[in-house]
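# Results of the structural survey
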Amino acid sequence: MALLCMFSALPTIAQPRYPGRPHNPGFSRSTPPRSRSFLPNTYLGMRFGMTASHVNSDAPALNGSKSKTGLNVGLVGGVQLAPYTPLFFETGLTYVEKGGKGNLNGEKFTIGLNYIEVPLLLKYSAYVAPATAVEPFIGGYLSGGISGKVKDYGAQKAYSSYSDTYGANFKRFDGGIRVGCGLAYEMLYLEMGYDFGLSNIGDNAFDDTHNGTFFANIGLNF
């Protein structure tokens, strides 16, 4: 999806998007709005949506490879990198629920990993219709675990995902690559993307454990 969005944004007739503002049909790359000619464009936004995540691990007790749904909500801010260009840098602060579902010795378990997350994204914004822009993006994210539980349905027990009580626990830090694409109409914004976790979030250095998360959000840009 990200690649398709990127190709749709490449034509030279594409014009820079100014989030949260109606499209000015008379605007072109060489004639920016007079009132904004010397200032980079900025915006603030709200995001709300859902995640579908999993945890892939070499350790059977941490391998939640089946998808688990969760909540995703946050605030973002973006700035145009330079006048006359449709490139924006976006960051923010998000609460996101990740994790997965697995099976160990015939018994089901679920993993809950809740993070405060900081995205670091580069966006290319191009108009494809009046007041409508396609915004493919790529970048990374940094996360800090704040809560979460592992539920063992066989033993009928639940414990903190970051506790070593049962010898199967997770590190709080996570980071990785994010790719996706957004669609903006006036102030309304929709996006979909995927997070590829690069950090080994398992507490055992000999077993690789990584997050993988699909997300879909709706929001507003101001």
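Let me sum up the structure you'll find in this document. Since the structure is predicted, the reported quantities are computational estimates derived from the model, not experimental observations. (Residues numbered from 1 in each chain as written. Predicted model: local features only at pLDDT ≥ 70, side-chain atom pairs only at ≥ 80, totals over all residues. Heavy atoms only, no water.)

### Focus on the pairing of strand β1 (residues 42-57)
Of the strand pairs in this sheet, β1 and strand β2 (residues 64-80) are connected by 13 bridges, and their pairing is antiparallel. For Gly 45, the partnering residue across the bridge sits in β2 and is Val 76. Here β1 folds back onto β2 in antiparallel fashion, the turn holding 6 residues. (Pairing = 2+ DSSP bridges. Helix = DSSP H or I, 4+ residues; strand = E, 2+ residues; numbered from the N terminus.)

### Comments concerning the pattern of salt bridges
Throughout the structure, instances matching the rule amount to 7 salt bridges. Two residues, Asp 195 and Arg 178, come together in a salt bridge whose shortest N-O distance is 2.6 Å. Taken together, the residues Asp 195 in strand β10 (residues 188-197) and Arg 178 in strand β9 (residues 173-185) connect sequence positions 17 residues apart. Of the two residues examined, Asp 195 and Arg 178, each falls in the buried class. (Salt bridge = Lys/Arg side-chain N within 4 Å of Asp/Glu carboxyl O. Buried < 20%, exposed > 50% of the residue type's maximum accessible area, 1.4 Å probe, protein only.)

### Here we look at empty space enclosed by the protein
Evaluated as defined, the whole model comprises 2 cavities of 30 Å³ or more. Volume-wise, the largest cavity comes out at about 180 Å³. As for the largest cavity, its lining consists of 19 residues, of which Asn 72, Thr 94, Arg 178, Glu 191 and Asn 217 are closest to the centre. Going through the elements one at a time, β1, β2, β3 (87-104), β4 (107-124), β10 and β11 (209-221) are the ones with two or more residues in the lining of the largest cavity. (1 Å grid on protein atoms, 1.4 Å probe; cavity = no way out; pocket = protein on both sides within 12 Å on 5 of 7 lines; lining within 4 Å. Points joined across faces, edges and corners; volume = space filled by probe spheres on them.)

### Looking at the packing of aromatic side chains
This structure, assessed with the given rule, holds 2 aromatic pairs. The side chain of Lys 98 reaches across the aromatic face of Tyr 115, ending 5.7 Å from its centre. Sitting over the ring of Tyr 153, Lys 108 keeps its end group 4.6 Å from the ring centre. (Phe/Tyr/Trp six-rings, centres within 6.5 Å; stacked < 30°, edge-to-face > 60°. Lys NZ or Arg CZ within 6 Å of the ring centre and 35° of its normal.)

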